[in-house]
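The chain contents come next:
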Amino acid sequence: MLLLLKILFLRINFENYIYIITTMDSQNTEYYMLEALVQAKKAWKVDEVPIGAIIVKDNKIIARAHNQLICNTDPSGHAEIIAIREAAKNIGNYRLVGCDMYVTLEPCLMCLGAIFNSRIANLSFGAYDLKTGVCESILMLGENNYLNHHCKIKGGILEEESKYLLGKFFEAKRQKKTAT
């Protein structure tokens, strides 16, 4: 299935001047979150918690990642961290200025710290994480004025799809555990 990005062009006539304004609409956000969900499904296929992330710059995906803690024996192998590393390598700069991240689950403390330090401009996430989420759930670090960098944070993007995937993964894990 091919999803096309939709960019709206607004033609504004103000005092005999015509302004053409390009805006991103919510369909782009959903498209990018669907791409993150594809990554989450890849994580599930390798028996990792299904969390996926992508990073976008200038309407182009520059990094894709999924959780790889177990397969890489790496406690920092979260989708967000891997995506940040890939994006930095792809643009040749550790500062991801002008980039947006889409991730299927609200980031933890480690990941939000990396997001802030990499200077990502906008963060969109799917499901809220009531155990370790630090954007809006257990802490609201995005609003902490003591931090030197912030990004715009929006949660609940395709939340039901993200929650469903996580729920099914852990349900299958529990069933497998009781069967043995």
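This text gives an overview of the structure that appears in the document. (Residues numbered from 1 in each chain as written. Predicted model: local features only at pLDDT ≥ 70, side-chain atom pairs only at ≥ 80, totals over all residues. Heavy atoms only, no water.)

**Some thoughts on the environment of Val-134**
- Mapped onto the fold, Val-134 is located in the loop between strand E6 (122-127) and strand E7 (152-154).
- For Val-134, a relative accessible area of 3% puts it in the buried group.
- Excluding its chain neighbours within four sequence positions, the residues that come into contact with Val-134 are Glu-106, Pro-107, Cys-108, Leu-109, Leu-112, Leu-139, Met-140, Leu-141 and Gly-142. (Helix = DSSP H or I, 4+ residues; strand = E, 2+ residues; numbered from the N terminus. Buried < 20%, exposed > 50% of the residue type's maximum accessible area, 1.4 Å probe, protein only. Contact = heavy atoms within 4.5 Å.)

**Structural notes on the environment of Leu-158**
- Its place among the elements puts Leu-158 in the loop between E7 and helix H4 (159-179).
- Spatially, the C-alpha atom of Leu-158 lies 7.0 Å from that of Met-33, the residues being 125 residues apart in sequence.
- Once residues within four sequence positions are removed from consideration, Leu-158 is found in contact with Glu-30, Met-33, Leu-34 and Leu-37.

**Brief notes about the packing of helix H2 (residues 79-91) against helix H3 (residues 109-118)**
- As a packed pair, H2 and H3 sit with axes 9 Å apart at the nearest point and diverge in direction by 25 degrees. Regarding the angle of H2 to H3, the classification is roughly parallel. Once H2 is placed against H3, the crossing between them reads as left-handed. Residues Glu-80, Ile-81 and Ile-84 of H2 pack against Met-110, Cys-111, Ala-114, Ile-115 and Ser-118 of H3. (Axes fitted to C-alpha atoms, helices over the stretch in contact; angles between N-to-C directions. Parallel < 35°, antiparallel > 145°, perpendicular 65-115°, else oblique. Left-handed = near helix turned anticlockwise from the far one by under 90°.)

**Digging into H2**
- Here H2 contains 13 residues, and its C-alpha end-to-end distance of 18 Å stays within 8% of the 18 Å for a straight helix at 1.5 Å per residue.
- Every buried residue of H2 is listed here: Ala-79, Glu-80, Ile-81, Ile-82, Ala-83, Ile-84, Ala-87 and Ala-88.
- For H2, the elements touching its buried residues are strand E3 (52-57), strand E4 (60-66), strand E5 (99-105) and H3.
- A positive phi of about 75 degrees marks Gly-92, the residue just after H2. (Expected span 1.5 Å × (residues − 1).)

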